[in-house]
Amino acid sequence: MDLSDILVALIGGVIIGLLGKLVAPGDKDNIPLWLTIVCGIGGVLLGTLLYSMFFDPQTNGIDWWRHVWQIAVAAVLVVIASTVTGRNHGSRTRA
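Conventions and cut-offs
- Residues numbered from 1 in each chain as written.
- Predicted model: local features only at pLDDT ≥ 70, side-chain atom pairs only at ≥ 80, totals over all residues.
- Heavy atoms only, no water.
- Helix = DSSP H or I, 4+ residues; strand = E, 2+ residues; numbered from the N terminus.
- Buried < 20%, exposed > 50% of the residue type's maximum accessible area, 1.4 Å probe, protein only.
- Contact = heavy atoms within 4.5 Å.
- Areas by Shrake-Rupley, 256 points an atom, 1.4 Å probe, with all protein chains shown as cover.
- Phe/Tyr/Trp six-rings, centres within 6.5 Å; stacked < 30°, edge-to-face > 60°.
- Expected span 1.5 Å × (residues − 1).
- Core = buried A, V, L, I, M, F, W, Y, C linked by side-chain atoms within 4.5 Å.
- Axes fitted to C-alpha atoms, helices over the stretch in contact; angles between N-to-C directions.
- Parallel < 35°, antiparallel > 145°, perpendicular 65-115°, else oblique.
- Left-handed = near helix turned anticlockwise from the far one by under 90°.
- Nonpolar A, V, L, I, M, F, W, Y, C, P; charged D, E, K, R; others polar.

Novice: Any chance you could explain the overall build of the chain here in plain terms?
Specialist: Each helix and strand counted, the chain has 3 helices and 0 strands in total. Helices and strands appear in the chain in the N-to-C order α-α-α. Relative to its 95 residues, the chain shows a buried fraction of 28%. Partitioning the intrachain contacts of the chain with sequence separation of at least 6 by distance along the chain shows that 73% fall at a separation of at least 24. Taken as a whole, the chain presents about 6,500 Å² of accessible surface, with 69% of it coming from carbon and sulfur.

This is the structure:
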């Protein structure tokens, strides 16, 4: 992994993290912005890895399906981070 790969992961991680936060269900996205970005970077790296395990990673042009995988993984990571940090304050009914 060279410097350009790291820059793509960081810049893409910010974008994918914010998109993942948007598609996270309900109020599961109540985490700090820095953690969203970390989830985005993880989404870029893990999404690319998972995508390349099942599909041919060598495509011409923009690989939109890879980006869909990255956003989905980032959304899952946002939900996990929200659950682990205890910040998912769902609508609880009081008895």
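The discussion continues.
Novice: Before we go on, may I ask you to explain the packing of aromatic side chains in this structure?
Specialist: Per the counting criterion, the structure on display carries 4 aromatic pairs. Considering the side-chain rings of Tyr51 and Trp69, the 6.2 Å spacing of their centres and the 70° angle between planes classify their relative orientation as edge-to-face. Taken together, the residues span a long stretch of sequence, with Tyr51 in helix α2 (residues 33-54) and Trp69 in helix α3 (residues 64-85) at a distance of 18 residues. By relative accessible area, which is 26% here, Trp69 ends up partly exposed.

Novice: Hey, could you run me through α2 in this one?
Specialist: Given 3.6 residues per helical turn, the α-helix brings residues three or four places apart onto the same face. Taking 1.5 Å as the rise per residue, α2 with 22 residues should run 32 Å; its terminal C-alpha atoms sit 31 Å apart, in good agreement. Listed in full, the buried residues belonging to α2 are Leu35, Thr36, Cys39, Gly40, Gly42, Gly43, Val44, Gly47 and Tyr51.

Novice: How do you make sense of α3 when you look at a structure like this?
Specialist: Over its 22 residues, α3 runs 31 Å from end to end, which matches the ideal 32 Å to within 8%, given 1.5 Å per residue. Every buried residue of α3 is accounted for by Gln70, Val73, Ala74, Ala75, Val78, Ala81 and Ser82.

Novice: Looking at this model, I keep getting lost on the environment of Ile11. Mind explaining?
Specialist: Here Ile11 shows up in helix α1 (residues 3-23). On the basis of relative accessible area, Ile11 is assigned to the exposed category, the value being 53%. The spacing of Ile11 and Ile41 is 30 residues in sequence and 8.3 Å in space, taken between C-alpha atoms.

Novice: Before we go on, may I ask you to explain the nonpolar core in this structure?
Specialist: Side chains of nonpolar character tend, in soluble globular proteins, to be buried together. Ile31, Leu35, Cys39, Val78 and Ala81 together form the largest nonpolar core, which totals 5 residues. Elements with a minimum of two residues in this core: α2 and α3.

Novice: Help me understand the packing of α2 against α3 in this model?
Specialist: Geometry of a packed helix pair, given as the angle between the helix axes and the separation of the axes. In contact at an axis separation of 7 Å, α2 and α3 are set at 135° when each is read in the N-to-C sense. Classified by the angle between their axes, α2 and α3 sit oblique to one another. Two packed elements cross with a definite hand, and for α2 against α3 that hand is right-handed. Contacts from Leu35, Cys39, Gly40, Gly42, Gly43, Val44, Leu46, Gly47, Thr48, Leu50, Tyr51 and Phe54 in α2 reach Trp65, Arg66, Trp69, Gln70, Val73, Ala74, Leu77, Val78, Ala81 and Thr85 in α3. Along the lines of polarity and charge, the residues of the contact of α2 with α3 split into 14 nonpolar, 7 polar and 1 charged.

Remember that the coordinates give geometry; whether it matters functionally is a separate question.
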